[in-house]
Amino acid sequence: MTLDQLKSPEKLEYDQILLVRIGEITLKGMNRHKFEQQVVSNMRFRLRDLGHFNITPSQSRIWVELDTDDTESGFKENSTRQLAVIERIKAVFGVVSVSPVRRFSGDIKTIENQAIAYTKQLLADGHSRTFKIETRRGDKRFPMDSMEISNHIGGLLASQFSDLLTVQVKNPDFTLYIEIRDHIYLYSSIIKAHRGLPSGTGGGGLLLLSGGIDSPVAGYMMASRGMKLEAIYFHAFPFTSDQAKQKVIDLAHLIARFSGRIQLHIVNFTDIQITLRDQCPPDMMTIVMRRMMMRISDQLAEQRGLKALITGESLGQVASQTLEALVTTDQIATRPVFRPLIGLDKDDTVTIARKIGTFETSILPYEDCCTVFVAKHPKTHPSLRIAIESEIHLDIEALVKDGLSKIETLTIDAFSTSSPEAL
Amino acid sequence: MSLIYLDHCATTLPDEITLTYYLEQLREHSGNPASLHRLGQLAAASIMSSNKQMASLIGCQPNEIIWTSGGSESINLALKGYVAANPKRGRTIITAAGEHRATQETLAALTREGYCVVTIPIDRTGQLDLDTLEKVLDDNTILMTFLAVNNETGAILPIEKIVEIKNRKRPLAAIHLDAVQAFGKIPLQFSSTGVDFISGSGHKFGTPKGIGFLIKKQKIRLTPLIHGGGQQSGLRSGTENAPLVATAVFALNRANQNILQKINHCQNLREHLLSDLQQSQTEYVIISPPAGAPQILNLAFPGLRGETLQHALERSDVMISTGSACSSRHKGPSDVLMAMGMTKAVAECSIRISLDDNNTQAEMIATARAIHDACTKYRRSPKS
């Protein structure tokens, strides 16, 4: 029988909902409930401008459905709204995968009709496919067991769509999942999410954000371990342009899609940079500048109650990221400095940057303040003693105070209604 | 003071009179010139009349004008179109260091097709080394292409000398001039140059963007880049834009009026600016040659990067550029300045100020002050 010959069954009733699976957080024993609540709360916040949703956790899963009062604009499969909701949920750390699901009630006859209608839609392009059925029967009162249901529905679909469907148990083109619980659930697609731990469960960290490829990735990685992010950027106009500053704001928006709201602190670094340029040996300029940034960041973190600093450094990547150089900057910080990219190859970092969508913005060609005063031959293996000697003419306390007094703070929310990403 | 616009080489903003004229043309001549009805014929008549005026402005025949989308298309059509149409004339193309990227990239494409491109060096004043030109010009040379006025330094090409060398050594080679920065800025008559074709762009003399032209001698054969309805004798298909053509002619006519006084005015502004800088003891290096086009002034302030100065001046509402706006995404010092033998330290610290006759002395005073303030605050002291 071909698709055209198949009579459409009578109109079928079902609810369109999303099944969200949460992963690692289920391992956390006593904390599980707290973490689950955090995922739900983060999801609720991320979806707030897309409609009114009922978000219900149940047995390591979260169900998302559109509130009945808000169904006018629809939540159909592949609708713009549903796709947007899935994109947002995928970016909530703690979520492992999302599936758009049809939910209905009834008996084996209802399952037959629903499965035929669902499969017909899947096969609309007319291409042949292999498939299998996987059934889970949570409600043991249902008269057939899982294996029987799979065999029955599999056989039915294979005969109904004999031109297009073949059963294949290993690596089929698609799997039709049937779950029988309080209702019956039918779906075939499992969309992978970003995993990790829910934002806000891992304490707060201050990300040293530049306009490059690395620091946004470092921020993403620590946020994926549940860390709540704030960010600091050192702006040295006119040595760096207003476009460079805008680029950092844009990057913060991109990170905030995953991490949630970010406080971005923009330090006016111009006067400090001029002082360093005029009073430090040129070959130590970058090291001294980074030590100064570290001091300001450390003190700001203290003021903001943030327990760690985060940088995008990778061992040996540039002159200022040799082990000796890192020692000279580490010595400044009074809290842990997390460097999640320390052992990564640049290609690996670029792969993550592409995955999270920051790469294209990061490679826009605006100078950042680390590059404008770079010496022709910067010191690659500075000792701590040389670093300290290089700062001998500086009134460090006054400079740090100056930096901390010239901070503009922006609240970056990727999904505020005014944001271009908001739907 | 309101915004001080000193970036006329990047684009010359259309003034109110030109915009009013353009709107009028859009209302009256928006028919398709190929349509046989009255509206179409009105547009066709407008183009014919524009071509006559353009011919008299530029010193060519009306049928020697090809309207294009802008300078880059004109240059592409000239270079690619000429070598394609004259395959037996030779395989060598001669150009100079520091050409605009539209020329450089077109020639790079022709190199990939097997043409040999010879680049003549330029000296400290941006001038072509004519001895080298004389040496390399041989029977295999099909084409030469040069900037009439360098867009970054204002250096003016000695056209007569080049034509004389060509006529003596290789009369069969054609000469193309990229005169994008020359039309409406310095007196230029196609017929008296002795070159074979010449490219121009409307937005450099106050036309809205989207129109350029290639003027070519009648005998020059070209293969078109754009095929279609066969407009403009089949050399550039696509519906002709009668309102924009009329506006380009209108704007060029306005730019050419009293051109010598305008040049003089720009010369005075330039001297005023330099004298103000001297008075405030702001050290600078003049990169533009003394006999260059006076509306282009390329200066370097060693110790202060051009980009930094540009950002600082923008805060004072002074708009200038560093090198060519068309390659502002190209990192590193300017190719032109490096070709002139400048050190990287000087080339990186250069800015381009490009003037027009609407700029005023008061603006020069304000600009000199803004430069002085930026240098005082941000420039690296010579000892470090």
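Conventions used here
Residues numbered from 1 in each chain as written. Chains lettered and ligands numbered in written order. Predicted model: local features only at pLDDT ≥ 70, side-chain atom pairs only at ≥ 80, totals over all residues. Heavy atoms only, no water. Helix = DSSP H or I, 4+ residues; strand = E, 2+ residues; numbered from the N terminus. Buried < 20%, exposed > 50% of the residue type's maximum accessible area, 1.4 Å probe, protein only. Contact = heavy atoms within 4.5 Å. Areas by Shrake-Rupley, 256 points an atom, 1.4 Å probe, with all protein chains shown as cover. Core = buried A, V, L, I, M, F, W, Y, C linked by side-chain atoms within 4.5 Å. Pairing = 2+ DSSP bridges. Buried area = accessible area lost by both parts, 1.4 Å probe. Salt bridge = Lys/Arg side-chain N within 4 Å of Asp/Glu carboxyl O. Nonpolar A, V, L, I, M, F, W, Y, C, P; charged D, E, K, R; others polar. Domains from an automatic or database assignment. Polar contact = N/O pair within 3.5 Å; in protein donor to acceptor, adjacent residues only side chain to side chain. Phe/Tyr/Trp six-rings, centres within 6.5 Å; stacked < 30°, edge-to-face > 60°. Axes fitted to C-alpha atoms, helices over the stretch in contact; angles between N-to-C directions. Expected span 1.5 Å × (residues − 1). Arc of directions from axis to C-beta.

## Points about the overall build of chain A
In terms of helices and strands, chain A carries 14 helices and 15 strands. Principal-axis analysis of the C-alpha atoms places the extent of chain A at approximately 85 × 40 × 40 Å. Counting only residues that meet the buried cut, chain A has 55% of its 423 residues in that class. By sequence separation, contacts in chain A at least 24 residues apart represent 79% of the contacts at least 6 residues apart. Carbon together with sulfur atoms contributes 51% to the accessible area of chain A, which is approximately 19100 Å² in total.

## A short note on the nonpolar core
The biggest cluster of nonpolar side chains holds 62 residues, and the ones touching the most others in it are Phe269, Leu276 and Ile296 of chain A together with Leu299, Phe301 and Ile353 of chain B. The biggest single contributor to this core is helix H8 (residues 285-304) of chain A, with 10 residues. When neighbours within four sequence positions are excluded, isoleucine 296 of chain A is seen to be in contact with Ile232, Phe234, Val267, Phe269, Ile272, Val400, Gly403 and Leu404 of chain A. Grouped together as the second largest cluster of nonpolar side chains are 60 residues, Leu57, Leu137, Leu157 and Ala347 of chain B included.

## Considerations on the pairing of strand E8 (residues 212-216) of chain B
Residue and element names in this part refer to chain B. Summarising burial for E8: five of the five residues are buried, a large majority. Neither face of E8 is open: one carries Gly212, Leu214 and Lys216, the other Phe213 and Ile215, and all of them are buried. In the sheet, strand E2 (residues 65-68) pairs with E8 via four bridges, with the strands oriented antiparallel. Across the sheet, the residue bridging to isoleucine 65 is isoleucine 215, located in E8. Looking at chain direction, strand E7 (residues 197-201) and E8 are connected through five bridges and run antiparallel. Bridge assignment links phenylalanine 197 to a residue of E8, and that residue is lysine 216.

## A short note on the interface of chain B and chain A
Counting residues at the interface gives 12 residues for chain B and 17 residues for chain A. When the two sides are added together, the surface that chain B and chain A hide from each other amounts to roughly 1400 Å², 53% of it contributed by carbon and sulfur. Sorting the residues of chain B by area buried against chain A places His311, Tyr378 and Arg380 of chain B first, and these three jointly supply 36% of that buried surface. Taken together, the connections running from chain B to chain A amount to one salt bridge. A salt bridge links arginine 315 of chain B to aspartate 242 of chain A; the shortest N-O distance between them is 3.1 Å. Put simply, the parts of the chain that give the side of chain B that touches chain A at least two residues each are helix H10 (306-315) and helix H13 (361-378) of chain B. Of the residues forming the side of chain B that touches chain A, the biggest block, five residues, is contributed by H10 of chain B. Classifying every residue of the side of chain B that touches chain A by side-chain character gives two nonpolar, two polar and eight charged.

## Observations regarding the domain arrangement of chain B
Residue and element names in this part refer to chain B. On domain assignment, one finds that chain B holds domain 1 (4-12 + 258-378) and domain 2 (16-256). Put simply, the middle of domain 1 and the middle of domain 2, counted by C-alpha atoms, are 27 Å apart. Each partner contributes to the roughly 2500 Å² buried at the junction of domain 1 and domain 2, and carbon and sulfur atoms together form 52% of this total. Ranking the residues of domain 1 by area buried against domain 2 places Ile259, Val336 and Met340 at the top, with a combined share of 22%.

## Quick word on the domain arrangement of chain A
Residue and element names in this part refer to chain A. Per the domain assignment, the segments of chain A are domain 1 (15-192) and domain 2 (204-412). The C-alpha centroid of domain 2 is placed 43 Å from the C-alpha centroid of domain 1. Facing six residues of domain 1, the contacting portion of domain 2 comprises nine residues. Between domain 1 and domain 2 the total buried area reaches about 600 Å² when both faces are included, carbon and sulfur atoms providing 54% of it. The tally of links between domain 1 and domain 2 comes to two residue pairs in polar contact (both at pLDDT 80 or more). Within the side of domain 1 that touches domain 2, the residues separate by chemical class into three nonpolar, no polar and three charged.

## Some points on the side chain of threonine 207 of chain B
All names here are of chain B. Within the secondary structure, threonine 207 is located in the loop between E7 and E8. A relative accessible area of 0% places threonine 207 in the buried class. One polar contact links the side chain of threonine 207 to the main-chain carbonyl oxygen of glycine 202, over a distance of 3.1 Å. Among all residues touching threonine 207, those that are not within four sequence positions of it are Pro14, Gly202, Leu244, Thr247, Ala248 and Ala251.

## Re the sheet that holds strand E14 (residues 337-338) of chain A
Residues and elements named next belong to chain A. With mixed pairing, six strands are arranged side by side in an open sheet as E14-E13-E10-E11-E12-E15. For this open sheet the edge positions go to E14 and strand E15 (407-412), each flanked by a neighbour on one side alone. Here three bridges tie strand E10 (residues 204-208) to strand E13 (residues 308-310), and the two strands are oriented parallel to one another. Looking at E13, one finds that leucine 206 is bridged to leucine 309.

## Focus on the packing of aromatic side chains
For the structure shown, the criterion picks out 13 aromatic pairs over all chains. With a centroid separation of 5.0 Å and an interplanar angle of 15°, the aromatic rings of tyrosine 177 of chain A and tyrosine 187 of chain A are classed as stacked. A residue pair is termed long-range when its members are at least 10 positions apart, and tyrosine 177 of chain A in strand E7 (residues 174-180) and tyrosine 187 of chain A in strand E8 (residues 184-187) qualify at 10 residues. Here tyrosine 177 of chain A falls in the buried class, since its relative accessible area comes to 15%. For the pair tryptophan 67 of chain B and phenylalanine 213 of chain B, a centre-to-centre distance of 5.8 Å together with 75° between the ring planes defines the contact as edge-to-face. Here tryptophan 67 of chain B, found in strand E2, pairs with phenylalanine 213 of chain B, found in strand E8; they are 146 residues apart in sequence, far enough to count as distant. A single burial state applies to tryptophan 67 of chain B and to phenylalanine 213 of chain B, both of which are buried.

## Remarks on the sheet that holds strand E9 (residues 285-286) of chain B
All names here are of chain B. Across the sheet, which stays open at both edges, the three strands sit in the order E9-E10-E12 with antiparallel pairing between neighbours. Either end of the sheet is taken by a strand with one partner, and the two such strands are E9 and strand E12 (350-354). Each of E9, strand E10 (296-300) and E12 touches helix H9 (residues 259-279); the most contacted strand, E10, lies at about 20° to it.

## Some details on helix H4 (residues 101-112) of chain B
Residue and element names in this part refer to chain B. Taking 1.5 Å of rise per residue, the 12 residues of H4 would be expected to cover 16 Å, and the 16 Å separating its terminal C-alpha atoms lies within 8% of that figure. For H4, the set of buried residues is Ala102, Thr103, Thr106, Leu107, Ala109 and Leu110. Projected onto a plane normal to the axis of H4, the buried residues spread over an arc of 155° and lie on a single side. In this fold, the buried residues of H4 make contact with helix H3 (71-85), strand E3 (92-96), strand E4 (116-120), strand E5 (141-147) and strand E6 (174-178).

## Quick notes on helix H5 (residues 214-223) of chain A
With nine of its 10 residues buried, H5 of chain A lies for the most part within the structure. The set of residues buried in H5 of chain A consists of Asp214, Ser215, Pro216, Val217, Ala218, Gly219, Tyr220, Met222 and Ala223 of chain A.

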